[in-house]
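Below, each chain spelled out in residue letters.
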Amino acid sequence: MCHRLATTDKDRKRYYTRQTTLPHIGRRGQARLAAATVVVVGCGELGTLTAEILAQAGVGRLQLVDDSYVEIIDLDWQILLGEQDTRAKRPKAMITAER
């Protein structure tokens, strides 16, 4: 699963229109999200889902921390990782960041 997020200012404005129209977020809140850095510790079931949601919400920088590798027994809980990732022999955080 890979999401292509808006890259130009014009696209970003359209992409986040619903959030910016909410009174408790608005343009100011969206700008704060874009300037924010969030650390996600663990790229298992909850970590990968959290990272994806934060990225789609417009958080400017995500720092993923997990030095474990994808194992076949993890896959029933993973939403971003697949069987091909068990053969890659790379940390979950690196694979998650690419997606």
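We now turn to the structure provided with this report. (Residues numbered from 1 in each chain as written. Predicted model: local features only at pLDDT ≥ 70, side-chain atom pairs only at ≥ 80, totals over all residues. Heavy atoms only, no water.)

### Examining the nonpolar core
Across soluble globular proteins, nonpolar side chains have a tendency to be buried as a group.
Here comes step 1: In this structure, Val 40, Cys 43, Ala 51, Leu 64 and Ala 93 together form the largest nonpolar core, which totals five residues.
Here comes step 2: With residues near it in sequence (within four places) discarded, Val 40 still touches Gly 47, Thr 50, Leu 54, Gln 63, Leu 64 and Val 65. (Core = buried A, V, L, I, M, F, W, Y, C linked by side-chain atoms within 4.5 Å. Buried < 20%, exposed > 50% of the residue type's maximum accessible area, 1.4 Å probe, protein only. Contact = heavy atoms within 4.5 Å.)

### Notes on the environment of Asp 76
Here comes step 1: Within the fold, Asp 76 resides in the loop between strand E2 (61-65) and helix H5 (83-88).
Here comes step 2: Distance from Asp 76 to Glu 45, taken between C-alpha atoms, is 9.0 Å for residues 31 residues apart in sequence. (Helix = DSSP H or I, 4+ residues; strand = E, 2+ residues; numbered from the N terminus.)

### Structural notes on a nonpolar patch on the surface
Here comes step 1: A surface patch of nonpolar side chains, about 270 Å² in accessible area, is lined by Val 39, Val 41 and Val 65.
Here comes step 2: As for its position among the elements, Val 65 is in strand E2.
Here comes step 3: Looking at Val 65, the relative accessible area reads 39%, which means it is partly exposed. (Patch = residues over 30% accessible without salt bridge, like charges linked within 9 Å, V, L, I, M, F, W, Y side chains within 5 Å. Areas by Shrake-Rupley, 256 points an atom, 1.4 Å probe, with all protein chains shown as cover. Salt bridge = Lys/Arg side-chain N within 4 Å of Asp/Glu carboxyl O.)

### Focus on the pairing of E2
Here comes step 1: One ladder, built from five bridges, connects strand E1 (residues 37-41) with E2; its direction is parallel. Opposite Thr 37, over in E2, you have Arg 61 as the bridge partner. (Pairing = 2+ DSSP bridges.)

### A few points about the pattern of salt bridges
Once their charged atoms are close, side chains differing in charge can pair, the charge on each being opposite to the other.
Here comes step 1: One pass over the full model with this rule turns up two salt bridges.
Here comes step 2: A salt bridge links Glu 83 to Arg 87, with the nearest nitrogen and oxygen atoms 3.9 Å apart. Linking Glu 83 with Arg 87, this pair stays in helix H5, spanning four residues, or about one helical turn.
Here comes step 3: Residue class for Arg 87 comes out exposed when judged on its relative accessible area of 58%.
Here comes step 4: Note that Arg 90 is salt-bridged to Glu 98, the shortest N-O span being 2.3 Å.
Here comes step 5: On the basis of relative accessible area, Glu 98 is assigned to the exposed category, the value being 54%.

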